[in-house]
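Residues per chain are reported as follows:
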Amino acid sequence: MSDRLLDFSIKYGFLILLIGLVLFFSFAANGFSTPRSAVFVLQSVAITGILALGVTCTLVVDGFDLSIGAVATSALMLSAYSMVILEQSAVVAVLLCLFMGAFVGLINGLLIVRFRVPDLLATLGMMFLLIGLQRIPTQGNSIATGMSLGIGVNAEGVFSPAFLWLGRHRFDFFLERLLPMPVVIFLIIAVLIWLFLGFTRHGRLMYALGSNEKAAELVGVKVKNYKIAAYMISGVTASIGGILLAARLGRGDIASGNNLLLDSVAAALIGFAVLGAARPNPFGTAIGALFVGILLQGMTMMNAPYYTQDFVKGAVLVAALVFTFYLSSRRTGAGH
Amino acid sequence: MPAHALKVTGLLKTFGKNRVLRGIDLSLDSGSVTALMGANGAGKSTLVKIVCGYYDADDGEIELAGQPYAPANPSDAIAKGVATVHQSIDDGVIPDLDVANNLMLDRLAEPTASFFIREGKLRKQAQQVADSMGIDVDLKARVADLSVADRQMIAIARTMTRQPKVLILDEPTSSLSATEASRLFDLIDRLRDAGVAILYISHRTSDIRRIADRILCMRDGAISGVFENKPLDYEAAVSAMLGHSMNDIDFTAEPGSVPVLEIKNLKLTEKANAINLSARDGEVLAVIGLLGSGKSRLAEVIYGINAAFSGEMQIDGKNYQPTSVPDAVQCGVFMSPKDRATNAVVPGFDITHNMTLPFLSSFSTASFLNGKRLRARTQDMNQQLGVVCQSEKDDIGTLSGGNQQKVMIGRWLMEPCRVLLLDEPFQGVDIGARRDIGKHIRASAKGRATLVFMSEIDEAIEIADRIVVMFDGSIKGEHVNEKIELTALISDISGTVNGTVRA
């Protein structure tokens with residue numbers, strides 16, 4: 001393969017594949033190319049996308065956050081607990097969840113930079129801890145209005161309408177009630193993180209320390225603070241994901257959110273292949289999440305059975321990783 | 001007449017536009033040590049990498065014991081009998097394994113080696129190897145826990161288990177102290193007596209005096225001198241290596257008068273003598289010394305990475321006690337560290353992103369970066385330093401070592417400072433780039449004190465107004481760079497008195 005073709009395919013290959021996929025489904029699957037269907041795709045990827053954007057920040061500082069799925073489900077349970085059992089308002093529930101996410105991120109960060117626990121292990125431990133912790137207050141039960149709290153007392157609180165609005169409201173956008181709130185929040189977070197990582201000096205320094213920590217330290221970057229900040233961002237975005245999930249479900253379902261971690265990590269890793277970045281980047285992450293969403297939506301509309309979904313996601317991820325690492329190693333190899 | 005152990009004829013190698021080797025002819029004989037001298041960027045490393053199978057030559061022939069020899073890769077070269085011990089020792093040992101396993105590693109890796117390890121036999125064989133090399137360390141010790149010198153010896157001994165015909169040692173003493181080096185020389189003597197042809201690469205005259213049977217000098221990709229008649233003419237070898245006599249510099253030294261950085265009674269360690277030193281406005285002060293002389297430690301103390309044992313520092317008369325790197329930078333003390341690949345270069349970043357890294361806040365409004373200003377400033381600096389590149393958007397990895405170093409130095413010239421520390425700025429830098437960097441550092445020296453930490457005398461003479469020599473954690477001598485007496489300088493560096501090594 002000539003160098004120019006190689007460069008071109010590294011840079012645009014994935015986007016071309018995405019467009020090809022959309023065109024293919026538009027012709028093959030009836031009703032795929034409608035605004036409603038597009039919004040459905042967006043809605044299906046909004047929550048994993050938000051988590052994926054957070055994990056992108058930790059990948060940028062050469063870390064990894066395995067606890068995001070558990071943080072999201074903890075936020076789900078915490079919001080349900082605070083409204084249904086503690087009978088608090090939506091604002092309190094949201095603030096509690098955001099605070100919890102930031103706090104978990106802080107602990108993750110401290111474990112990693114202060115206690116020198118390797119990132120994968122620290123966040124794996126945190127994941128375990130949170131999965132266990134969120135079950136303790138309700139003895140492992142899901143939370144819903146009217147649930148028994150023992151000895152003839154039932155939970156009186158309800159999910160407040162304002163909270164449910166976060167998950168269920170749809171904005172008018174060309175069509176009536178088209179854009180769901182989670183999609184809007186996803187887009188806002190994507191833009192914010194894109195601006196932060198790509199255009200601010202803090203983002204630049206985070207990339208620098210992720211690439212060569214020692215060098216960053218020797219130019220005077222406060223490496224530890226930035227690392228902790230990355231985990232805190234990841235914790236907060238994960239808790240936002242959990243809040244939106246709770247608001248959509250309207251109950252504290254203990255079993256939901258099982259796939260969140262894998263799906264969002266996959267999206268962030270697929271993002272490496274977008275525009276030949278070969279490194280974590282928020283634009284790629286969003287595209288990665290979208291790619292998986294489109295693929296699954298199209299396949300569902302073509303009547304592919306649901307149990308093939310994980311296989312397809314896995315195949316896309318492996319292909320994207322080969323694309324990223326093999327092709328770009330060929331490219332750097334050609335430079336010398 | 002028996003064939004040479006290794007004979008190289010007409011070797012050529014080009015990287016891009018850069019002609020690194022322009023027709024090298026050399027030969028090595030069994031049972032003799034040939035020293036290969038050459039300044040940084042002369043092409044020594046490239047030559048070695050071709051002989052040991054990392055690179056292919058563009059043209060030329062190599063014969064090994066009379067047979068044509070063209071290694072396909074490094075392991076092929078070893079199998080054919082050319083062993084190399086590289087400059088970075090840790091490439092040659094497995095730190096987490098014990099000494100015995102390290103020594104036997106090559107045997108374990110042979111395809112014919114048995115599936116199960118027989119521990120007793122392995123240790124016995126390892127003991128034999130260690131004995132034959134005169135290595136006296138606990139075979140059960142983990143290599144990571146050993147001193148640099150011991151690791152170096154083990155790396156060499158390991159290669160000897162394959163009984164090579166030719167052994168190449170690439171700057172083996174660069175991380176060793178004087179006593180450690182003398183143990184290494186004993187080992188080399190032993191190998192010479194065993195009939196190995198040894199190519200010893202160094203530009204350290206003290207090593208070469210001790211060990212060499214003959215000297216080859218390289219300059220700008222060609223052999224510039226062969227010295228084999230005893231007694232070897234070291235002075236001539238040095239000028240063949242440098243291509244000019246040492247005192248051939250085109251500036252007059254101005255030691256300056258107004259002190260900027262003053263170091264008072266600073267002790268690096270409890271046992272070291274106190275350091276008193278002042279670096280003055282507008283002067284370039286070279287601090288030279290061997291590895292372990294404490295010069296890097298001193299740089300780290302000034303830059304706030306490590307604390308001194310005792311003593312104080314002042315900048316412009318004000319007390320200066322940095323507790324961290326950001327603290328030092330805040331006080332106007334900048335440092336370009338040694339080992340650019342590990343300590344300075346940010347891979348995956350382009351030239352602009354690399355160069356502007358320390359001062360991003362001055363290129364941003366409310367934290368948002370101004371891309372245009374970043375690039376304009378980088379273009380400007382590229383021009384001043386003569387960075388050879390297509391544009392300021394080139395990835396740092398596409399640049400040659402010398403150009404990367406220009407970017408790393410340029411990084412700290414972006415903003416004015418009071419004290420500029422440069423630790424080994426000419427490490428892995430070709431001569432052209434070295435001249436460019438040196439010239440620019442001298443040209444921009446007004447308004448700050450510049451301290452350059454290095455181990456090469458000739459590099460120091462090329463750049464400095466004043467040279468201080470460190471030995472054993474303290475200052476051994478001070479010379480204004482004007483008609484320097486080289487012998488005095490050299491004896492300061494090596495800690496010798498009247499030419500005899502102090503053990």
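Residues numbered from 1 in each chain as written. Chains lettered and ligands numbered in written order. Predicted model: local features only at pLDDT ≥ 70, side-chain atom pairs only at ≥ 80, totals over all residues. Heavy atoms only, no water.

Things to note about the overall build of chain A
On a plain count of helices and strands, chain A comes out with 13 helices and two strands. Here the C-alpha radius of gyration of chain A, 21 Å, is about what a compact globule of 336 residues would show, namely 20 Å. Overall, the C-alpha framework of chain A stretches about 75 × 55 × 35 Å when taken along its three principal axes. Burial statistics for chain A: of 336 residues in total, 51% are counted as buried. (Helix = DSSP H or I, 4+ residues; strand = E, 2+ residues; numbered from the N terminus. Rg over C-alpha atoms; globule rule 2.2 N^0.38 Å. Buried < 20%, exposed > 50% of the residue type's maximum accessible area, 1.4 Å probe, protein only.)

A short note on the pairing of strand S11 (residues 259–267) of chain B
Relative to strand S12 (residues 275–280) of chain B, S11 of chain B is paired through five bridges, and the arrangement is antiparallel. Looking at the pairing, Pro259 of chain B lines up with Arg280 of chain B of S12 of chain B. (Pairing = 2+ DSSP bridges.)

Here we look at the packing of aromatic side chains
In the structure shown here, the tally under the stated rule is 18 aromatic pairs over all chains. Pairing Phe359 of chain B with Trp412 of chain B gives two aromatic rings, centres 5.9 Å apart and planes at 85°, and the pair type is edge-to-face. Note that Phe359 of chain B is positioned in the loop between helix H12 (351–355) and strand S17 (364–365) and Trp412 of chain B in helix H14 (residues 401–413), a separation of 53 residues in sequence. Aromatic rings pair up to connect Tyr303, Phe334, Phe359 and Trp412 of chain B into one cluster. A cation sits over an aromatic face here: Arg279 of chain A above Tyr207 of chain A, 5.1 Å from the ring centre. Its guanidinium or amino end placed over the ring of Phe471 of chain B, Lys476 of chain B lies 5.6 Å from that ring's centre, counting from NZ or CZ. (Phe/Tyr/Trp six-rings, centres within 6.5 Å; stacked < 30°, edge-to-face > 60°. Lys NZ or Arg CZ within 6 Å of the ring centre and 35° of its normal.)

With respect to the environment of Ser148 of chain A
All names here are of chain A. Here Ser148 shows up in the loop between helix H5 (119–133) and helix H6 (161–168). By relative accessible area, Ser148 is classed as exposed at 51%. Once the C-alpha coordinates of Ser148 and Val158 are considered, the two residues, ten residues apart in sequence, prove to be 14 Å apart. Ser148 has contacts with Val153 and Asn154, leaving out every residue within four places of it along the chain. (Contact = heavy atoms within 4.5 Å.)

Some words on the sheet that holds strand S22 (residues 474–480) of chain B
Paired through backbone hydrogen bonds, the strands of a sheet run either parallel or antiparallel to each other. Residues and elements named next belong to chain B. An order of S16-S19-S20-S13-S21-S22 is seen for the six strands of this open sheet, with the pairing classed as mixed. In this open sheet, the two edge strands, each paired with only one partner strand, are strand S16 (333–336) and S22. With direction set aside, neighbouring strand axes in the sheet form an average angle of 20°. Sitting on the sheet, helix H9 (residues 295–302) touches strand S13 (284–288), S16, strand S19 (419–423), strand S20 (449–454) and strand S21 (466–471), and the angle it makes with S20 is about 145°. Against the sheet, H14 makes contact with S16 and S19, and its axis sits at roughly 175° relative to S16, the strand it touches most. (Axes fitted to C-alpha atoms, helices over the stretch in contact; angles between N-to-C directions.)

As for the sheet that holds S12 of chain B
Residues and elements named next belong to chain B. Across the sheet, which stays open at both edges, the four strands sit in the order S12-S11-S14-S15 with antiparallel pairing between neighbours. Edge positions in the sheet fall to S12 and strand S15 (318–320), since each of these pairs with one other strand and no more. Going across the sheet, the axis of each strand differs from the next one's by a mean of 20°, ignoring polarity. Sheet topology places strand S14 (residues 310–315) next to S15; three bridges connect them, and they run antiparallel. By the bridge assignment, Ile315 is partnered in S15 with Lys318. Running at roughly 115° to S11, H9 makes contact with S11, S12, S14 and S15 of the sheet.

Notes on the confidence of the model for chain A
Within chain A, residue pLDDT values average 90, and 97% of them lie at 70 or more. When the elements of chain A are averaged for pLDDT, helix H13 (residues 309–335) of chain A gives the smallest value, 76, and helix H4 (residues 90–113) of chain A the largest, 97. (pLDDT = per-residue confidence, 0-100.)

With respect to the domain arrangement of chain B
All names here are of chain B. Domain assignment breaks chain B into domain 1 (6–242), domain 2 (248–332 + 417–503) and domain 3 (348–414). Here domain 2 and domain 3 have C-alpha centroids that lie 26 Å from each other. On the domain 3 side, the residues contacting the 16 residues of domain 2 number ten residues. At the surface where domain 2 touches domain 3, the tally comes to one salt bridge. For Asp436, the salt bridge goes to Lys406, with nearest N and O atoms at 2.8 Å. Taken together, the links from domain 2 to domain 3 amount to three residue pairs in polar contact (both at pLDDT 80 or more). (Domains from an automatic or database assignment. Salt bridge = Lys/Arg side-chain N within 4 Å of Asp/Glu carboxyl O. Polar contact = N/O pair within 3.5 Å; in protein donor to acceptor, adjacent residues only side chain to side chain.)

Some remarks on the side chain of Ser264 of chain A
Residues and elements named next belong to chain A. Looking at the element boundaries, Ser264 is found in helix H11 (residues 260–270). There is a polar contact of 3.1 Å between the side chain of Ser264 and the backbone oxygen of Leu261. Excluding residues that lie within four positions of it along the chain, Ser264 makes contacts with Thr48, Leu51, Ala52, Val55 and Ile68.

A look at the pattern of salt bridges
Taken as a whole, this structure holds 27 salt bridges over all chains when the rule is applied. The partner of Asp310 of chain A in a salt bridge is Lys313 of chain A, and the shortest N-O contact between them spans 3.3 Å. Of this pair, Asp310 of chain A and Lys313 of chain A both sit in helix H13, separated by three residues, roughly a single helical turn. With relative accessibility at 13%, the residue Lys313 of chain A sits in the buried group. For Arg183 of chain B, the salt bridge goes to Asp150 of chain B, with nearest N and O atoms at 2.8 Å.

A look at the state of the cysteines
Residue and element names in this part refer to chain B. The full count for this structure, using the stated rule, is zero disulfides over all chains. The structure places no disulfide on Cys417, whose sulfur is separated from the nearest cysteine sulfur, that of Cys331, by 12 Å. For Cys417, a relative accessible area of 9% corresponds to the buried category. (Disulfide = S-S within 2.5 Å.)

Brief notes about H5 of chain A
With 15 residues, H5 of chain A extends 21 Å between its outermost C-alpha atoms, agreeing within 8% with the 21 Å of an ideal straight helix rising 1.5 Å per residue. Its buried side turned inward, H5 of chain A meets helix H3 (68–85), H4, helix H10 (223–249) and H11 of chain A. (Expected span 1.5 Å × (residues − 1).)

Things to note about the interface of chain A and chain B
Taken together, the contacts link 20 residues of chain A with 28 residues of chain B. Summed over the three residues of chain A that lose the most area to chain B, namely Arg204, Leu218 and Val219 of chain A, the buried surface amounts to 35% of that side. Put simply, chain A and chain B have nine residue pairs in polar contact (both at pLDDT 80 or more) between them. Sorting the residues of the side of chain A that touches chain B by element identifies helix H7 (181–199), helix H8 (201–211) and helix H9 (213–218) of chain A as the ones contributing at least two each. Here the side of chain A that touches chain B gets seven residues from one element, more than from any other, and that element is H8 of chain A. (Buried area = accessible area lost by both parts, 1.4 Å probe.)

Remarks on the pairing of strand S7 (residues 166–170) of chain B
Residue and element names in this part refer to chain B. The element S7 is largely enclosed, with a buried count of five among its five residues. Taking every second residue as pointing to the same face, both faces of S7 are buried, with Val166, Ile168 and Asp170 on one and Leu167 and Leu169 on the other. Two elements, strand S6 (residues 82–85) and S7, share four bridges in a ladder whose sense is parallel. Following the sheet pairing, Val85 is matched in S7 by Leu169. As paired elements, S7 and strand S8 (residues 197–201) share five bridges and run parallel to each other. Note on S8: the bridge partner recorded for Ile168 is Leu199.

Things to note about a nonpolar patch on the surface
Taken together, Phe8, Tyr12, Ile16, Val191, Trp194, Phe199, Leu275 and Phe283 of chain A together with Phe368 of chain B make up a surface patch of nonpolar side chains, about 810 Å² in accessible area. Looking at the nonpolar patch, the elements that each hand over two or more residues are helix H1 (3–28) and H7 of chain A. Position of Trp194 of chain A among the secondary structure elements: in helix H7. We classify Trp194 of chain A as partly exposed; its relative accessible area is 39%. (Patch = residues over 30% accessible without salt bridge, like charges linked within 9 Å, V, L, I, M, F, W, Y side chains within 5 Å. Areas by Shrake-Rupley, 256 points an atom, 1.4 Å probe, with all protein chains shown as cover.)

Description of unusual backbone geometry
Residue Glu87 of chain A is not a glycine yet carries a positive backbone phi of 55°. Summarising the element assignment, Glu87 of chain A is placed in the loop between H3 and H4. In this structure, Asn265 of chain B is a non-glycine residue whose phi angle is positive, near 50°. Residue placement: Asn265 of chain B occurs in strand S11.

Notes on the nonpolar core
Within the largest apolar cluster, 180 residues are counted, with the highest numbers of intra-cluster contacts made by Phe163 of chain A together with Ile288, Ile302, Tyr303 and Leu451 of chain B. Here this core gathers at least three residues from each of two domains, domain 2 (248–332 + 417–503) and domain 3 (348–414) of chain B. (Core = buried A, V, L, I, M, F, W, Y, C linked by side-chain atoms within 4.5 Å.)

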